[in-house]
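Listed here are the chains, written in short residue letters.
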Amino acid sequence: MARAINFSAGPAALPESVLSQAAAEMLDWHGSGMGVMEMSHRGKEFVAIHSEAEADLRELMSIPANYKVLFLQGGAIAENAIVPMNMLRGGKSADYVNTGEWSKKSIKEAKKYCTVNVAASSEDRNFAYIPSQDTWKLSKDAAYVHICSNETIGGLEYHWVPQTGDVPLVADMSSHILSRPVDVSKYGLIYGGAQKNIGPAGLTIVIVRDDLIGQALPITPSAFDYKQQADNDSMLNTPPTYGIYIAGLVFKWLKQQGGLIEIEKRNIEKSNLLYDYLDASKFFVSPIDKRDRSRMNVPFKLKDESLDGEFLKGAEARGMVQLKGHRAVGGMRASIYNAMPLDGVRKLVEYMREFEAQKA
Ligand SMILES: *Cc1c(COP(=O)(O)O)cnc(C)c1O
């Protein structure tokens, strides 16, 4: 069996050992005579899987005790509506920072529920940077400040935490959660879909400070009311059980790798390898300002776009798939999440070097 070198932005590659274990346990989880998909979410087997996953996530991210961890359905796009429903808390407006495609989607959805003040935007330079905080126009009466801390499509990442004083900071971390240590206490709310860096699509993780919940808009569906979900251990509705199980295996894998400090080192090494090559190349370019580049999603362009198709074909012939950039920005994108080994990035750079030598 040949596994692809998979640069997909999401759903994305998972650690091979996790997939093998899931395969081995598919028909019979730990002698229960059942696969995880077949278990009652309220049975003792699944309750154990669920609570162990939560405990491991809390340990990995050092989540303080006054934060709730919720395992929900709906994905980050659903959260774009669920966040204002829960976080306005009687307020009428929220501040949003616009750094690209995912921020734009969050802003558009939030406008259904409140007045959105776009506190800063990097649209003027085609989202090539993250506006520094001294340019932000935060409003005093904002219920929260929303950022997308890693723009999956554009390839921007916050390498700093905005200071928002008493106003809770809300971050869509879908595409870099668990790629580096995070000081959770600096955030009011962190959310993310699992399918980029954690597990299967269908699981959404919400980490929320407990004093911020319990004031959802009356129209909020019960399944999306953080307080009701927190009071029911995320089991107000049936949670995405198989997704939680796989996420739990990924959390164990991360712990075996040495946790987030160690995984961050590898992610720095992997992304530097690619960016250093891009910066040295006369053939490929990175469109993103150096200090704001994402370690997870690396967009790049061929200076001669007429060679895009040939480049992608050659990559596929070497087992490297999903390198085509998002249709909104074009070019190429290599998504190199935790599960991408250093060797995969080495092979990509090797291929790019050869392609450049041949065509330049
Ligand atoms: C993928 C992604 C989303 C959308 O997730 P869905 O699961 O499709 O709802 C939102 N925000 C970011 C940053 C993403 O990477």
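Quick notes on the rules
- Residues numbered from 1 in each chain as written.
- Predicted model: local features only at pLDDT ≥ 70, side-chain atom pairs only at ≥ 80, totals over all residues.
- Heavy atoms only, no water.
- Helix = DSSP H or I, 4+ residues; strand = E, 2+ residues; numbered from the N terminus.
- Rg over C-alpha atoms; globule rule 2.2 N^0.38 Å.
- Buried < 20%, exposed > 50% of the residue type's maximum accessible area, 1.4 Å probe, protein only.
- Areas by Shrake-Rupley, 256 points an atom, 1.4 Å probe, with all protein chains shown as cover.
- Lys, Arg positive; Asp, Glu negative; His and termini not counted.
- Charge placed at Lys NZ, Arg CZ, Asp CG, Glu CD.
- Patch = residues over 30% accessible without salt bridge, like charges linked within 9 Å, V, L, I, M, F, W, Y side chains within 5 Å.
- Salt bridge = Lys/Arg side-chain N within 4 Å of Asp/Glu carboxyl O.
- Pairing = 2+ DSSP bridges.
- Core = buried A, V, L, I, M, F, W, Y, C linked by side-chain atoms within 4.5 Å.
- Contact = heavy atoms within 4.5 Å.
- Axes fitted to C-alpha atoms, helices over the stretch in contact; angles between N-to-C directions.
- Phe/Tyr/Trp six-rings, centres within 6.5 Å; stacked < 30°, edge-to-face > 60°.

> So what exactly am I meant to see when it comes to the overall build of the protein chain here?
If you tally the helices and strands in the protein chain, you get nine helices and 14 strands. Radius of gyration (C-alpha) of the protein chain: 21 Å, near the 21 Å computed for a compact globule of 360 residues. When the 360 residues of the protein chain are sorted by exposure, 54% land in the buried category. Summed over its atoms, the accessible surface of the protein chain is roughly 15,700 Å², and 51% of this surface lies on carbon and sulfur atoms. Of the charged side chains in the protein chain, 41 are positive and 43 negative; the average position of the first set lies 3 Å away from that of the second.

> Hey, could you run me through a nonpolar patch on the surface in this one?
Residues Met26, Leu27 and Met37 make up a contiguous nonpolar surface patch of about 340 Å² in total accessible area. If you trace the backbone, Leu27 turns up in the loop between α1 (16-24) and α2 (44-61). Overall, the relative accessible area of 71% leaves Leu27 in the exposed class.

> Could you clarify how one ought to interpret the sheet that holds strand β11 (residues 284-285) in this entry?
Think of a sheet as strands paired side by side through backbone hydrogen bonds, with each pair either parallel or antiparallel. With antiparallel pairing, the three strands of this open sheet are ordered in space as β11-β12-β14. Strand pairing shows two members of the sheet lacking a second neighbour, β11 and β14 (332-335), which therefore form its edges. As judged from the two bridges shared by β11 and strand β12 (residues 297-302), these two strands associate in the antiparallel manner. If you follow Val285 over to β12, its bridge partner there is Lys301.

> Where do I start with the nonpolar core in this structure?
A general feature of soluble globular proteins is that nonpolar side chains tend to end up buried together. With 54 residues, the main nonpolar core has Leu57, Met61, Leu178, Ile207, Tyr245 and Phe251 as its most contacted residues. Of all the secondary-structure elements, those providing two or more residues to this core are α1, α2, β2 (67-72), β5 (145-148), β8 (169-172), β10 (204-209), α6 (241-256) and α7 (259-280). The dominant element in this core, judged by the number of residues it contributes, is α6, at 10 residues. Discounting residues that sit within four places of it in the chain, Leu178 has contacts with Leu57, Leu60, Met61, Asn197, Ile198, Phe251, Leu254, Leu260, Ile263 and Asn338. One finds Phe284, Val298, Phe300 and Met320 within the second-largest nonpolar core, a separate group that totals 27 residues.

> How should I be thinking about the sheet that holds β10 in this particular structure?
Spatially, seven strands are ordered β2-β10-β9-β8-β5-β3-β4 in an open sheet, and the strand pairing comes out mixed. A strand with exactly one partner marks an edge of an open sheet, and here the two such strands are β2 and β4 (115-121). On average, each strand axis in the sheet is inclined to that of its neighbour by 20 degrees, with strand direction left out of account. Relative to β4, strand β3 (residues 93-98) runs parallel, the two being bridged by six bridges. By the bridge assignment for β4, Ala94 is matched with Val116. Across the sheet, helix α4 (residues 101-110) lies against β3, β4, β5 and β9 (189-193), angled at about 160 degrees from β3, the strand it touches most.

> Would you explain the packing of aromatic side chains in this entry?
Remark: the centre distance and the inter-plane angle together describe each pair of aromatic rings, the angle taken between the planes. This structure, assessed with the given rule, holds 13 aromatic pairs. Ring centres 5.0 Å apart and planes at 25 degrees place the aromatic pair Phe311 and Tyr351 in the stacked group. A residue pair is termed long-range when its members are at least 10 positions apart, and Phe311 in helix α8 (residues 308-317) and Tyr351 in helix α9 (residues 342-359) qualify at 40 residues. Take Phe311: its relative accessible area is 0%, and that puts it in the buried class.

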